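Letter by letter, the chains look like this.
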Amino acid sequence: MADRQRLTETLIELIRIDSPSGEEDAMDAEVTARLSDLGLAVEHDAYNNIVARLDGAGEPVLLSAHLDTVEPGRGIQPTLDGDILRSDGTTILGGDCKAGVAIVLEALAAAVESGGPRRAVEVAFTRHEEGGLVGVHHLDFGLLSARTGIVLDGEGPPNRVTVSAPSQNVVTAEITGRAAHAGLEPEKGLSALLVAADILTRLPLGRLDAETTANIGWLEGGLKRNIIPERAALDGEFRSRSNDKLAWLEGQFRKVFDEAAARYPDARISLDIRNTYQAYRVAPQHETVAMIGRALDAIGLAPTLEASGGGSDANVFIERGITALPVGIGVRSFHTTWETALIPEVLQGAEMCQAAILGGNGAR
Ligand SMILES: [Zn+2]
């Protein structure tokens with residue numbers, strides 16, 4: 001059975017391994033060694049995502065989490081205060097997604113130790129999930145045969161199941177005006193920053209409806225105080241759980257930029273809008289929801305089905321035909337320096353995954 005002490009130690013050890021996005025090698029090595037020790041067959045795809053297999057009966061269930069963290073995520077000093085694990089306040093905790101990885105490792109250990117009949121398991125630990133689901137987009141899906149699964153990467157308790165998540169489109173733009181000396185001949189210049197600001201005030205931004213949001217999160221431009229800024233660049237995104245609204249919003253963004261190009265014929269404006277992940281909506285009757293429900297029931301919990309405002313590896317798994325749904329990993333305040341992991345909930349996550357592997361039997 002899942003062991004709180006061992007799980008807590010694993011979690012703390014994983015948190016102490018720095019793994020900001022793009023620098024996952026040390027974390028990969030540790031996790032690969034642990035999976036091999038548990039008797040799994042471990043492979044890496046061309047992007048060095050980890051895919052591992054535990055033999056068992058029937059169709060495999062996929063258990064997945066990601067190896068990377070956001071910043072500030074170096075030299076993390078986790079401290080356990082009763083049931084709560086937190087950082088020293090200068091870094092994130094990295095519970096996102098180390099708690100997910102620790103849950104999968106503990107569930108595998110407990111299932112193997114139980115020695116009873118079990119379901120086949122496939123494990124996918126992806127790289128570079130934060131900031132664009134890069135690893136899962138490169139994942140070699142030919143290595144996976146599961147059609148159902150659990151993504152250990154949600155906030156809150158493990159009975160929180162995300163059955164609906166939005167699409168995200170990323171927006172980048174560059175504006176080129178004309179530089180001129182701000183004091184001697186400003187009339188010869190064309191301020192790229194002013195054009196960018198004009199565009200910004202016309203874009204539909206913020207919460208647009210219950211399932212649709214838009215943001216420009218970064219704007220940069222100019223060179224010096226006394227030069228009319230020649231260049232400006234912006235970076236943003238919009239999301240919706242409705243693909244129709246996403247398409248409508250893309251049209252609105254393009255219209256604002258086109259109209260700006262007409263108002264400033266001397267400026268050069270380039271706009272790039274691309275999709276990073278697709279929305280999904282899984283029905284409450286779906287077999288994956290039922291499978292997670294049975295595993296939760298085995299440990300005395302009932303699922304709450306939620307719609308999320310954010311994407312995860314699950315969006316890409318579902319796009320590729322594997323209905324793997326995100327559940328909570330006992331962590332709160334992702335991506336902040338006050339992020340916490342609640343150990344009893346992390347343990348419940350491991351017990352639930354163990355029940356999923358053992359078919360709902362013998363989790364306790
Ligand atoms: Zn995450």
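Residues numbered from 1 in each chain as written. Predicted model: local features only at pLDDT ≥ 70, side-chain atom pairs only at ≥ 80, totals over all residues. Heavy atoms only, no water.

### Comments concerning the packing of helix α1 (residues 4–15) against helix α2 (residues 25–37)
Viewed as axis vectors pointing N to C, α1 and α2 meet at an angle of 155 degrees, and their least axial separation amounts to 10 Å. It follows from the interaxial angle that α1 and α2 lie roughly antiparallel. For the pair α1 and α2, contact is made by T10, E13 and L14 and by M27, E30, V31 and R34, respectively. In the contact of α1 with α2, the residues fall into 3 nonpolar, 1 polar and 3 charged. (Axes fitted to C-alpha atoms, helices over the stretch in contact; angles between N-to-C directions. Helix = DSSP H or I, 4+ residues; strand = E, 2+ residues; numbered from the N terminus. Parallel < 35°, antiparallel > 145°, perpendicular 65-115°, else oblique. Contact = heavy atoms within 4.5 Å. Nonpolar A, V, L, I, M, F, W, Y, C, P; charged D, E, K, R; others polar.)

### A word on the coordination of the zinc ion
On the protein side, the zinc ion has H66 (NE2), D96 (OD) and D153 (OD) as donor atoms, found 2.0 to 2.2 Å from it. In primary sequence terms, the donor set of the zinc ion follows H-x29-D-x56-D. Of this pair, H66 sits in strand β3 (residues 57–66) while D96 sits in helix α3 (residues 95–114); the two residues are 30 residues apart in sequence, bridging distant segments of the chain. Both residues of the pair, H66 and D96, count as buried. (Donors = N, O, S within 2.8 Å, 3.2 Å for Na, K, Ca; no water. Buried < 20%, exposed > 50% of the residue type's maximum accessible area, 1.4 Å probe, protein only.)

### Things to note about unusual backbone geometry
Along the chain, E71 connects to P72 via a cis peptide bond; the corresponding omega equals -5 degrees. For P72, the position within the fold is in the loop between β3 and β4 (79–81). Look at the link from D96 to C97: it is a cis peptide, with omega at 15 degrees. Relative to the helices and strands, C97 is located in helix α3. Unlike most non-glycine residues, H335 shows phi in positive territory, near 65 degrees. For H335, the location among the structural elements is in the loop between β16 (323–332) and β17 (340–342). Its relative accessible area of 42% is what places H335 among the partly exposed residues.

### A look at the domain arrangement of the chain
Here the chain is partitioned into domain 1 (4–165 + 279–357) and domain 2 (167–277). Centre-to-centre separation of domain 1 and domain 2, based on C-alpha positions: 37 Å. Listed as interface residues are 12 residues of domain 1 and, on the opposing side, 8 residues of domain 2. Each partner contributes to the roughly 780 Å² buried at the junction of domain 1 and domain 2, and carbon and sulfur atoms together form 48% of this total. Across the contact surface, domain 1 and domain 2 share 1 salt bridge. We note a salt bridge from R281 to E211, for which the minimum N-O separation is 3.8 Å. Inspection of the domain 1/domain 2 interface yields 5 residue pairs in polar contact (both at pLDDT 80 or more). (Domains from an automatic or database assignment. Buried area = accessible area lost by both parts, 1.4 Å probe. Salt bridge = Lys/Arg side-chain N within 4 Å of Asp/Glu carboxyl O. Polar contact = N/O pair within 3.5 Å; in protein donor to acceptor, adjacent residues only side chain to side chain.)

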